[in-house]
2 protein chains.
Amino acid sequence: MRPKIYLFGDSITEMSFEEAGWGASLTNHFARTADVVLRGYSGYNTRWALKVAERVFPAAGEAVAVTVFFGANDACLPDRCSAFQHVPLEEYGRNLRSIVSFLKERWPKAVVLLITPPPIDEEGRLQNPYMENPSGLPERTNEAAGEYAKACIDVARECGSPVIDLWTKMQQLPNWPTACLSDGLHLSEAGNKVVFEEVVKKLEEVGVSLQTLPSDQPLISHIDPKDPLKSFPN
Amino acid sequence: MRPKIYLFGDSITEMSFEEAGWGASLTNHFARTADVVLRGYSGYNTRWALKVAERVFPAAGEAVAVTVFFGANDACLPDRCSAFQHVPLEEYGRNLRSIVSFLKERWPKAVVLLITPPPIDEEGRLQNPYMENPSGLPERTNEAAGEYAKACIDVARECGSPVIDLWTKMQQLPNWPTACLSDGLHLSEAGNKVVFEEVVKKLEEVGVSLQTLPSDQPLISHIDPKDPLKSFPN
């Protein structure tokens, strides 16, 4: 059985198999070595994620890694139009710690890779035609997202887990608000590429890579054209 | 546990999570309802696929559907540069029948959806810079691919399985050799879209669709903003 890499998160995870998405790129990267399993739940915060974790992750199946990518919804401001998704900063840290503990207990050898929420482009949020927001004020701010990102990094440090500081990383890129984001929150093609490359790099640093995972069934490049069946003993 | 949709095939399956790939699009389509599991093996023909089937498909896990997409390599001509991948037409049919029987025995309720090899653009094959082919003759012809496609349709009819006649379908599209194919054999973005849409349509016809599969965990659109936790009983 191939090992699994679970992607646990909110809409930025659920949408990761859209065109040029980071989840699809990971599946392609690990095509013959690991199964990438999508467990993205649009709109979810850590409070709801914790409620469903037992049902989302069955005990069966070997996981080598789980990405945990929450915070973008927790960081919705408590007095704006997406307030029902807001989770206070202190509770966010606690919930995230509980999610990591749960996953570590489920799979003691699995890498639990935390990803901070991305930065927010407030202008981009206000132009989102899909959201009912008569106030004219963004439901998320970059400053709030940054606080949740910091809390995520603290949890990773406490738990000894690797972490991708996406909030900082993206803001170092030129024109990040429109280059990396599609609507001030979700990822553009370039933003997806950043996440994909960071996940591959972080997993490699902790020993999960094409070099360490065995290939499933003989590769065509290893099959002897003069005697192909030699590669397929009964 | 979510049901699984396995994709079993050769490189056209293994590469289906590249940009705009049909496997990635299927994963996105079924994001909250089923796990799309990649079992693509570049270069494989039905003879080798049959050799590995037991190891590729463990008994565990509920499958609702399996796509079986082989024939492009079986149809390599026996006297050209990819001869070692060739499988005679009669054996191809027999192997395909055995693969369907094996899957039906593994999961009696699963839909086994056959897909014929795509048409071949011989000009495109000769321009492939990755293949050593000093003969100047294409290793595959469209005519041969068509014979394997017909055999695949015959097997589907005998087994009572749905089938996508990709060979015929693609040739009905304008400029198919360059519009649908990237190198005379593998799929372009438009070619990937054809396969994705055909798979969704065929699965829907046999009752596997977003309408019939339950969603995993409450959808954000069903969560009451005034009392979100109502959706998450302990």
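About the thresholds
- Residues numbered from 1 in each chain as written.
- Chains lettered and ligands numbered in written order.
- Predicted model: local features only at pLDDT ≥ 70, side-chain atom pairs only at ≥ 80, totals over all residues.
- Heavy atoms only, no water.
- Buried < 20%, exposed > 50% of the residue type's maximum accessible area, 1.4 Å probe, protein only.
- Helix = DSSP H or I, 4+ residues; strand = E, 2+ residues; numbered from the N terminus.
- Pairing = 2+ DSSP bridges.
- Right-handed = clockwise from strand over helix to strand, strands pointing away.
- Axes fitted to C-alpha atoms, helices over the stretch in contact; angles between N-to-C directions.
- Left-handed = near helix turned anticlockwise from the far one by under 90°.
- Contact = heavy atoms within 4.5 Å.
- Nonpolar A, V, L, I, M, F, W, Y, C, P; charged D, E, K, R; others polar.
- Salt bridge = Lys/Arg side-chain N within 4 Å of Asp/Glu carboxyl O.
- Buried area = accessible area lost by both parts, 1.4 Å probe.
- Patch = residues over 30% accessible without salt bridge, like charges linked within 9 Å, V, L, I, M, F, W, Y side chains within 5 Å.
- Areas by Shrake-Rupley, 256 points an atom, 1.4 Å probe, with all protein chains shown as cover.
- Lys, Arg positive; Asp, Glu negative; His and termini not counted.
- Charge placed at Lys NZ, Arg CZ, Asp CG, Glu CD.

The next subject is the pairing of strand β4 (residues 111-115) of chain B. Residues and elements named next belong to chain B. Counting buried positions along β4 yields five of five residues, so the element is predominantly enclosed. Every second residue of β4 is oriented toward a common face, with Val111, Leu113 and Ile115 on one face and Val112 and Leu114 on the other, all of them buried. Relative to β4, strand β3 (residues 63-69) is paired through four bridges, and the arrangement is parallel. In the sheet register, Val68 faces β4, and the bridge partner there is Leu114. A crossover connection joins β3 to the parallel β4 through helix α4 (residues 89-106); in handedness this β-α-β unit is right-handed. By the bridge criterion, two bridges tie β4 to strand β5 (residues 163-164) in an arrangement that is parallel.

What follows is about the pairing of strand β1 (residues 4-9) of chain B. Successive side chains on a regular strand alternate, one facing one side of the sheet and the next facing the other. Residue and element names in this part refer to chain B. When you tally the buried positions in β1, you get six out of six residues, the bulk of the element. Here β1 runs beside strand β2 (residues 35-40); their pairing, made up of six bridges, is parallel. Across the sheet, residue Lys4 finds its bridge partner in β2, namely Asp35.

Another point: the packing of helix α4 (residues 89-106) of chain A against helix α6 (residues 142-159) of chain A. Residue and element names in this part refer to chain A. Look at α4 against α6: their axes get within 9 Å of each other, and the N-to-C directions meet at 35 degrees. The two elements α4 and α6 meet at a crossing, and its hand is right-handed. When α4 is examined against α6, the residues Leu89, Tyr92, Gly93, Leu96, Arg97 and Val100 are found in contact with a partner set consisting of Glu147, Tyr148, Ala151, Cys152, Val155, Glu158 and Cys159. Across the contact of α4 with α6, the residue classes tally to nine nonpolar, one polar and three charged.

What follows is about the sheet that holds strand β4 (residues 111-115) of chain A. All names here are of chain A. Read across the sheet, five strands follow the order β2-β1-β3-β4-β5 without closing on themselves; strand pairing throughout is parallel. A single partner strand is all that each edge strand has here, and the edge strands are β2 (35-40) and β5 (163-164). Bridge analysis of strand β1 (residues 4-9) against strand β3 (residues 63-69) gives six bridges, and the strand direction is parallel. Following the sheet pairing, Phe8 is matched in β3 by Val68. Strands β4 and β5 of the sheet are contacted by α6, whose axis makes an angle of about 160 degrees with β4.

A few words now on the pattern of salt bridges. Overall, the coordinates contain 32 salt bridges over all chains when judged by the stated rule. In this structure, the salt-bridge partner of A:Glu198 is A:Lys201, at a minimum N-O distance of 3.5 Å. Remark: A:Lys201 and A:Glu198 occur in helix α9 (residues 189-205); sequence separation between them is three residues, near one turn of the helix. With a relative accessible area of 9%, A:Glu198 lands in the buried category. A salt bridge links B:Glu139 to B:Arg140, with the nearest nitrogen and oxygen atoms 2.6 Å apart. Looking at B:Glu139, the relative accessible area reads 0%, which means it is buried. Here the salt bridges share partners, and the residues they tie into one network are A:Arg2, A:Asp35, A:Asp216 and B:Arg39.

With that settled, consider the sheet that holds β5(B). Spatially, five strands are ordered β2-β1-β3-β4-β5 (chain B) in an open sheet, and the strand pairing comes out parallel. Single-partner strands in this sheet number two, and they are β2 and β5 of chain B.

Turning our attention to the interface of chain A and chain B. If you look at the interface, chain A gives 42 residues, while chain B gives 42 residues. For the pair chain A and chain B, the summed buried surface comes to about 3800 Å²; carbon and sulfur atoms form 60% of the total. Where chain A packs against chain B, one counts four salt bridges. Two residues, A:Glu14 and B:Arg32, come together in a salt bridge whose shortest N-O distance is 2.9 Å.

Quick look at a negative patch on the surface now. On the surface, A:Glu19, A:Glu189, B:Glu19 and B:Glu189 cluster together into a patch of negative charge. Mapped onto the elements of the fold, B:Glu189 is located in helix α9 (residues 189-205).

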